[in-house]
Amino acid sequence: MENSDSMDSDFLNLLFLNLVIEKGMKDNNPSVMAKGLLKTVSHYKKQENSEKKLTNTLQTFNDFDHQYAVNVAQELVVLDSSYSEFVKKLNLPDNNG
């Protein structure tokens, strides 16, 4: 039974996380989200760690809304042109068709 409770808890945590992500995307336009991401990754000492965090976040956005993820990536370049090559290499497949 304990295993079932753990699975239920994991499911609820994932559901809650998905709701938070969707609400964050709905409430923040891509420009605001890009500014927040840049502020978040500015704490990383290594560029590779920044890019890893950005990649994970943008791929998560892409799972929910491809165009939103693309728009945020484009805003990253507008805000900081040093991310131009990163965004060019970024793979955000459109899974919606």
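Residues numbered from 1 in each chain as written. Predicted model: local features only at pLDDT ≥ 70, side-chain atom pairs only at ≥ 80, totals over all residues. Heavy atoms only, no water.

A. How the structure looks around the packing of aromatic side chains. For the coordinates displayed, the defined rule picks out two aromatic pairs. Here Phe61 and Tyr68 contribute two aromatic rings whose centre-to-centre distance is 5.6 Å and whose plane-to-plane angle is 80°, an arrangement assigned as edge-to-face. Take Phe61 and Tyr68: they sit in the same class, and that class is buried. Ring geometry for Tyr83 and Phe86: centres 6.1 Å apart, planes at 75°, overall edge-to-face. (Phe/Tyr/Trp six-rings, centres within 6.5 Å; stacked < 30°, edge-to-face > 60°. Buried < 20%, exposed > 50% of the residue type's maximum accessible area, 1.4 Å probe, protein only.)

B. Main features of the packing of helix H3 (residues 47-64) against helix H4 (residues 66-79). Running from N to C, H3 and H4 cross one another at 150°; their axes reach a closest spacing of 6 Å. Between H3, through Leu54, Leu58, Phe61, Asn62 and Phe64, and H4, the contact on the second element is made entirely by His66, Tyr68, Ala69, Val72, Ala73 and Leu76. For the contact of H3 with H4, the residue count by class is nine nonpolar, two polar and no charged. (Axes fitted to C-alpha atoms, helices over the stretch in contact; angles between N-to-C directions. Helix = DSSP H or I, 4+ residues; strand = E, 2+ residues; numbered from the N terminus. Contact = heavy atoms within 4.5 Å. Nonpolar A, V, L, I, M, F, W, Y, C, P; charged D, E, K, R; others polar.)

Everything listed is a geometric property; what it means functionally is a separate question.
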